[in-house]
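# An overview of the molecular structure
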Amino acid sequence: MKIKKLRIQNFRGLSDVHFDFDQPTNVIVGPNAIGKTTILESIRLVKALLMPLCWFSGNWTKPVYHKRQAIPSGDYFDEFF
């Protein structure tokens, strides 16, 4: 996945920011408490909402949706108990 542009509105401490990622490598730098982690968390949140995956039986799989809840297919809890 390649991110070309990013716009964040009203997420945590960021009111409205816009980024154009036009280089192969981009670096986010700045002083403490400026919002660097918030930028990364916003990318993670969008990725999780648009492309959800679950770790199941040693593989990444898409969840099965039932009654608006994500339920991993198969016997998920046998791996942990």
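Residues numbered from 1 in each chain as written. Predicted model: local features only at pLDDT ≥ 70, side-chain atom pairs only at ≥ 80, totals over all residues. Heavy atoms only, no water.

Glancing now at the confidence of the model for the protein. Per-residue confidence for the protein averages 76 on the pLDDT scale, and 62% of its residues sit at or above 70. pLDDT under 50 marks residues 70-81. Its contacts with residues more than four places away, or in other chains, come to 16 contacts. (pLDDT = per-residue confidence, 0-100. Contact = heavy atoms within 4.5 Å.)

Formed by L6, I8, L14, F21 and I39, the largest nonpolar core amounts to five residues. For L14, the residues in contact, after removing those within four places along its chain, are I8, Q9, I34, G35, T38 and I39. (Core = buried A, V, L, I, M, F, W, Y, C linked by side-chain atoms within 4.5 Å. Buried < 20%, exposed > 50% of the residue type's maximum accessible area, 1.4 Å probe, protein only.)

One non-glycine residue, R12, lies in the positive phi region at around 50°. Relative to the elements of secondary structure, R12 occurs in the loop between β1 (5-11) and β2 (14-20). Classification of R12 by relative accessible area gives exposed; the value is 58%. A positive phi angle, close to 60°, is found at A33, a residue other than glycine. (Helix = DSSP H or I, 4+ residues; strand = E, 2+ residues; numbered from the N terminus.)

Turning our eyes to something else, we now look at the layout of surface pockets. The computed volume of the largest pocket comes to approximately 180 Å³. The wall of the largest pocket is formed by 10 residues, among which I3, F21, Q23, P24 and N26 lie closest to the centre. When the residues that make up the lining of the largest pocket are grouped by side-chain class, the tally is seven nonpolar, two polar and one charged. (1 Å grid on protein atoms, 1.4 Å probe; cavity = no way out; pocket = protein on both sides within 12 Å on 5 of 7 lines; lining within 4 Å. Points joined across faces, edges and corners; volume = space filled by probe spheres on them. Nonpolar A, V, L, I, M, F, W, Y, C, P; charged D, E, K, R; others polar.)

Here we take up the pattern of salt bridges. Under the counting rule described, the total for this entry stands at two salt bridges. For R7, the salt bridge goes to D16, with nearest N and O atoms at 3.3 Å. Across the pair E41 and R44 runs a salt bridge, and its minimum N-O distance is 3.1 Å. Residue E41 and its partner R44 are both found in helix α1 (residues 36-50); the two are separated by three residues, about one turn of the helix. According to the relative accessible area criterion, R44 is partly exposed, its value standing at 47%. (Salt bridge = Lys/Arg side-chain N within 4 Å of Asp/Glu carboxyl O.)

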